[in-house]
Amino acid sequence: MASRKVLNKYKMLVESLGLKQLDVYRVVREGKPVDVIRIQDPASGKTALVDLGTTRESLTLQEFAERLLKALGESGITVSERLLLRLRGKLLETG
């Protein structure tokens, strides 16, 4: 399992979008571990389950952000354009 420091960067990405990561479930699907994250939008009170299809640490921050934003959109949670632009800038800096 990855260290807390490695996994913290994914939580920080969620928080940079103004969202709250409630918890992360690691389940085994078809013999492989998969992370499912429960995310809350404090502004609307909506909660979304984000099924990453794999473990967080096996994804780059860019891939994680893409899967997160797609799942949030499907759940009806919107992120402000300003925060999205800031996120894209940070992802470009980190490579």
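Please refer to the structure placed before this passage.
Residues numbered from 1 in each chain as written. Predicted model: local features only at pLDDT ≥ 70, side-chain atom pairs only at ≥ 80, totals over all residues. Heavy atoms only, no water.

**Student:** Mind laying out the pattern of salt bridges, listing which residues take part and the relevant values?
**Tutor:** One pass over the full model with this rule turns up 6 salt bridges. Ionic pairing is found between aspartate 51 and arginine 29, a salt bridge with its closest N-O pair at 2.8 Å. Highlighted residues: aspartate 51 in strand β3 (residues 47-51) and arginine 29 in strand β1 (residues 20-29), separated in sequence by 22 residues. With relative accessibility at 36%, the residue arginine 29 sits in the partly exposed group. In this structure, arginine 88 engages glutamate 81 in a salt bridge whose closest nitrogen and oxygen atoms are separated by 4.0 Å. With a relative accessible area of 51%, glutamate 81 lands in the exposed category. Through salt bridges that share partners, Arg26, Asp35, Arg56 and Glu57 make up one connected network. (Salt bridge = Lys/Arg side-chain N within 4 Å of Asp/Glu carboxyl O. Helix = DSSP H or I, 4+ residues; strand = E, 2+ residues; numbered from the N terminus. Buried < 20%, exposed > 50% of the residue type's maximum accessible area, 1.4 Å probe, protein only.)

**Student:** Describe the packing of aromatic side chains, naming the residues involved and giving the relevant values.
**Tutor:** The description of two aromatic rings rests on the distance between their centres and on the angle between their planes. For the coordinates displayed, the defined rule picks out 1 aromatic pair. The interplanar angle of 70° and the centroid separation of 5.0 Å between the aromatic rings of tyrosine 10 and phenylalanine 64 together place this pair among those described as edge-to-face. Of this pair, tyrosine 10 sits in helix α1 (residues 4-16) while phenylalanine 64 sits in helix α2 (residues 61-75), and the two are 54 residues apart along the sequence. (Phe/Tyr/Trp six-rings, centres within 6.5 Å; stacked < 30°, edge-to-face > 60°.)

**Student:** How would you summarise the sheet that holds β1 if you had to cite specific residues and measurements?
**Tutor:** Reading across from one edge, β1-β2-β3 is the order of the 3 strands in this open sheet, with antiparallel pairing throughout. For this open sheet the edge positions go to β1 and β3, each flanked by a neighbour on one side alone. Averaged over all pairs of adjacent strands, the angle between their axes in this sheet comes to 20°, without regard to strand direction. Where strand β2 (residues 32-40) lies against β3, 5 bridges are found, and the strand directions are antiparallel. Bridge pairing in β3 links glutamine 40 to threonine 47. Sitting on the sheet, α2 is in contact with β2 and β3, with an inclination near 135° to β3. (Pairing = 2+ DSSP bridges. Axes fitted to C-alpha atoms, helices over the stretch in contact; angles between N-to-C directions. Contact = heavy atoms within 4.5 Å.)

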